[in-house]
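A closer look at the structure
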Amino acid sequence: MTTAKTDSSRRKLALVIGNKNYKRQENRLKHATNNARKLSDLLTTLHFEVTIHCNIEKNMMKIISDFADTINDDDMVLFYYSGNCRQTGGENYLIPTDDEKIERNLDIEDIGASVQNAMKRLTDKNKSCATIFILDCCKQYLLKKESVSNPQDKGLKAMSPPDETFIQFACAASETSSQNLFTKHLLRNIRQENVPITEIFQQIVHDVSRKSHGMQNPLTMNGLRQHHQLYLNEMSDKALINDCNKRIDELKLELQHLTLEVPHNGDCYDRAFTRRMEKIEALIHKLKLKRNEVIVKRYSAHPIE
């Protein structure tokens with residue numbers, strides 16, 4: 001008899017790409033590589049086997065293809081790209097950093113990597129579990145002599161997700177943004193324990209929209225089976241309790257260090273330290289509530305003070 005895998009037991013793979021240092025100065029990005037490295041570090045703590053590349057100059061599809069060769073059926077696969085992207089001819093293209101020769105849309109098709117083809121490579125070998133495809137591409141990529149105020153093709157084109165594929169754009173289709181809100185909220189929400197993938201991204205979309213006052217609205221395209229919940233960070237009750245205890249101890253230690261370092265010679269510094277301590281105390285309280293809820297539900301025991 002074969003035992004079905006849980007999300008905590010199946011293999012989790014991630015390909016993370018951050019392209020920042022474009023040859024053409026007007027298309028350089030400020031946060032892309034930092035976003036990629038932060039997400040890579042966080043995914044590692046969630047037991048993903050992470051492959052990370054930064055500032056890919058050319059042959060992006062080769063890197064994606066090599067990663068795809070490592071995928072086995074029933075792996076959970078996550079692809080994250082922070083960098084320039086452009087739609088042309090009804091398709092979206094990832095753009096490598098060596099963009100000196102990109103002058104028109106036809107050059108995008110020759111030099112860029114088709115998002116549709118990249119997705120096909122990642123999903124072809126993984127029919128049984130989820131592929132999560134995240135594109136943080138908010139800045140408008142400009143062709144040579146193209147105006148910022150009047151680009152030919154704005155933002156990304158909406159896509160139809162293949163079965164068992166979840167696609168997330170950082171902006172709405174055919175829209176752009178100059179802010180770095182999406183990955184900030186991705187990092188804040190993605191480590192939540194035992195929360196389905198769809199709910200995590202619903203929260204991210206809500207947070208980004210609220211923080212931008214409705215000016216940036218990430219687009220979700222969900223091809224996952226609705227009857228099967230998938231988790232990026234599935235934890236047993238015992239592991240969740242232990243994780244909460246560990247994080248509470250770490251925060252208490254940080255609070256002790258802060259208490260010793262509080263300056264007494266400036267109201268603004270005192271207020272800053274007070275706000276930080278209040279934030280840590282609130283996090284400790286939240287973790288205690290989460291831990292005690294699991295204890296009561298699972299073991300019908302009295303909560304820990």
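Residues numbered from 1 in each chain as written. Predicted model: local features only at pLDDT ≥ 70, side-chain atom pairs only at ≥ 80, totals over all residues. Heavy atoms only, no water.

1. Let's talk about the sheet that holds strand E8 (residues 165-169)
With respect to topology, six strands assemble into an open sheet ordered E2-E1-E3-E7-E8-E9, the strand pairing being mixed. Single-partner strands in this sheet number two, and they are strand E2 (49-54) and strand E9 (220-222). Taking the axes of each pair of neighbouring strands and ignoring which way they run, one obtains an average angle of 10 degrees across the sheet. As defined by bridge partners, strand E1 (residues 12-18) adjoins strand E3 (residues 76-82) across seven bridges and the pair is classed as parallel. Note on E3: the bridge partner recorded for Leu15 is Phe79. Sheet strands in contact with helix H2 (residues 60-68) are E1, E2 and E3, and its direction is about 170 degrees off that of E1. Contacting E3, strand E7 (131-136) and E8, helix H4 (residues 115-124) crosses the sheet at an angle of about 155 degrees to E7. (Pairing = 2+ DSSP bridges. Helix = DSSP H or I, 4+ residues; strand = E, 2+ residues; numbered from the N terminus. Axes fitted to C-alpha atoms, helices over the stretch in contact; angles between N-to-C directions. Contact = heavy atoms within 4.5 Å.)

2. Focus on the state of the cysteines
Per the counting criterion, the structure on display carries zero disulfides. Considering cysteine sulfurs only, Cys85 is the nearest to Cys137, which forms no disulfide, with 4.2 Å between them. (Disulfide = S-S within 2.5 Å.)

3. As for the environment of Pro196
With respect to the helices and strands, the residue Pro196 is situated in the loop between helix H5 (181-189) and helix H6 (197-211). For the pair Pro196 and Leu230, spaced 34 residues apart in the sequence, the C-alpha separation amounts to 5.3 Å. Each residue touching Pro196, except ones within four places of it in the same chain, is listed here: Gln229, Leu230 and Tyr231.

4. With respect to the nonpolar core
Nonpolar side chains tend toward joint burial in soluble globular proteins. Counting 38 residues, the largest nonpolar core has Phe79, Tyr81, Leu94, Phe133 and Leu135 as its most contacted members. Sorting the residues of this core by element identifies E1, H2, E3, strand E5 (91-94), H4, E7 and E8 as the ones contributing at least two each. Broken down by element, this core gets its largest block of residues, six residues, from H2. Leaving out residues up to four positions away in the same chain, Phe79 has contacts with Leu15, Ile17, Ile64, Leu94, Leu122, Ile132, Phe133, Ile134 and Leu135. (Core = buried A, V, L, I, M, F, W, Y, C linked by side-chain atoms within 4.5 Å. Buried < 20%, exposed > 50% of the residue type's maximum accessible area, 1.4 Å probe, protein only.)

5. A few points about helix H1 (residues 32-45)
Helix length check: H1 (14 residues) gives 21 Å between terminal C-alpha atoms against 20 Å at 1.5 Å per residue, within 8%. What H1 keeps buried is the set Ala32, Thr33, Asn35, Ala36, Leu39, Ser40, Leu42 and Leu43. Looking one or two residues past H1, His47 carries a phi angle of roughly 70 degrees, positive in sign. (Expected span 1.5 Å × (residues − 1).)

Bear in mind that shape data such as this cannot, by itself, settle questions of function.
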